[in-house]
Amino acid sequence: MKKHRVIAIDGPAASGKSTTAKLLATRLGFIYLDTGAMYRTVTLAALERGIDIRNEIAVGRLAGEIKIDFIPTEDGNRVILDGRDITNEIRTPAVDAAVSPVSSYKIVREKMVALQKEFARRGDVVAEGRDMATVVFPDADLKIFLVADLETRAIRRCRQLDSPGLKTTIEDQMASLSSRDLFDSERENSPLKKDPEAVVLDTSGMSINEQVERALELVSERLGIE
Ligand code: DC
C-alpha cells in the first residue's frame, strides 16, 4: 500500500496553525486535519448533554459514542457531530474554557488519535494540533512548530471571534490563551512540546501570506513538491 505523506503542524493556541495548515492543504491538494476541532467537538457534546467536565470516565465514554466527521468546503472544513453541523458552536468561550481538561484525558486522546490515524489513511494530510509530530505522526515527512507572541495571538483570536454575541477583549483572550497553553504544556498525556525534528516558525510579525510561503518553502525542501 502506498504510504501517504504527512505534514505535522503543532504549536500553542492561535499561533497561526489553522490558517497555515488550511491554506497549505489547499495549495498542495492534501486533506486538512484539524485535530483541535475534534477535542472541541467532544467538549461541546459533553456541555450539551450536561456531563460534568471533571468526570473523566463519563467524558471518555462519550468520546467513544459520538461520531465526528469533516466535510471539506472552499472555506475549510465543516465539523459534523452525529450528522449535525457544529462548526461555529465549537469556537465559543464556553468550549474554549472546557476543552483543555477534556483533551487531557487519556481515554479521550486514545479515541481521537485512532480517528486521526484513520483520516490520514485516506490520503496525504496536513495535520495540525499539539502532538502531531511527537505522538500521532512521529514519521511525518515535515514537522513544523509554529509560535507567536501572546499579544499577537490574542489579537488574532479576537478577530476570529468578531461576530455578534461573541464579544471578547484582547485582555480576556491573553488570559484565556495563556492559561490554556500552560495547562496543555503541563498535562501528563501528550503535552504540547516541540519535537526535536520540528522546524520552528515564529509568525509574530508575519502576514498570512508570508506564513504560508515560508511553510511552502519547507515543503519544497523536504518533500520536493513545488
Ligand atoms: O487548536 P485548538 O485551540 O482548536 O485546540 C483546542 C484544544 O484542544 C487545545 O486547548 C488543546 C487541545 N488539543 C490537543 O490536546 N491535542 C491536539 N492534537 C489538538 C488540540
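Preceding block: the structure.
A quick note: this is a predicted structure, and the numbers were derived from the prediction, not measured.

Rules and cut-offs
Residues numbered from 1 in each chain as written. Predicted model: local features only at pLDDT ≥ 70, side-chain atom pairs only at ≥ 80, totals over all residues. Heavy atoms only, no water. Helix = DSSP H or I, 4+ residues; strand = E, 2+ residues; numbered from the N terminus. Expected span 1.5 Å × (residues − 1). Buried < 20%, exposed > 50% of the residue type's maximum accessible area, 1.4 Å probe, protein only. Arc of directions from axis to C-beta. Salt bridge = Lys/Arg side-chain N within 4 Å of Asp/Glu carboxyl O. 1 Å grid on protein atoms, 1.4 Å probe; cavity = no way out; pocket = protein on both sides within 12 Å on 5 of 7 lines; lining within 4 Å. Points joined across faces, edges and corners; volume = space filled by probe spheres on them. Nonpolar A, V, L, I, M, F, W, Y, C, P; charged D, E, K, R; others polar. Polar contact = N/O pair within 3.5 Å; in protein donor to acceptor, adjacent residues only side chain to side chain.

Draft legend 1. Structural context of helix α9 (residues 208-223). The first and last C-alpha atoms of α9 sit 22 Å apart over 16 residues, in line with the 22 Å expected at 1.5 Å per residue. Every buried residue of α9 is accounted for by Q211, V212, A215, L216, L218, V219 and L223. Projected onto a plane normal to the axis of α9, the buried residues spread over an arc of 160° and lie on a single side. When the buried face of α9 is taken as reference, the exposed residues oriented beyond 90 degrees from it are N209 and E221. Backbone geometry just after α9 places G224 at a positive phi near 70°.

Draft legend 2. Spotlight on the pattern of salt bridges. Scanning the model with the defined rule gives 18 salt bridges in all. The salt bridge involving D195 is made with K143; its shortest N-O contact spans 3.2 Å. Of this pair, D195 sits in the loop between α8 (170-186) and β8 (199-202) while K143 is found in strand β7 (residues 142-147), placing the two residues 52 residues apart along the sequence. Assessed through its relative accessible area of 10%, D195 is described here as buried.

Draft legend 3. Main features of the layout of surface pockets. As a volume, the largest pocket reaches approximately 1,100 Å³. Of all the elements, helix α2 (residues 35-48) adds the most residues to the lining of the largest pocket, at five residues. For the lining of the largest pocket, the class distribution of residues is 14 nonpolar, 18 polar and 18 charged. By volume, the second largest pocket amounts to about 390 Å³. Around the second largest pocket sit 18 residues that line it, and F30, I31, Y32, P72 and N77 are the ones nearest its centre. Among the secondary structure elements, those contributing two or more residues to the lining of the second largest pocket are α1 (17-28), β2 (31-34), β3 (68-73) and β4 (76-81). By residue number, the principal contributor to the lining of the second largest pocket is α1, which donates four residues. Broken down by class, the residue content of the lining of the second largest pocket amounts to nine nonpolar, five polar and four charged.

Draft legend 4. Focus on the environment of S178. Its place among the elements puts S178 in helix α8. Since its relative accessible area comes to 33%, S178 is described here as partly exposed. Sequence-wise, S178 and A13 are 165 residues apart; in three dimensions their C-alpha atoms are separated by 8.6 Å. A distance of 3.4 Å separates the side chain of S178 from the backbone oxygen of A175, its partner in a polar contact.

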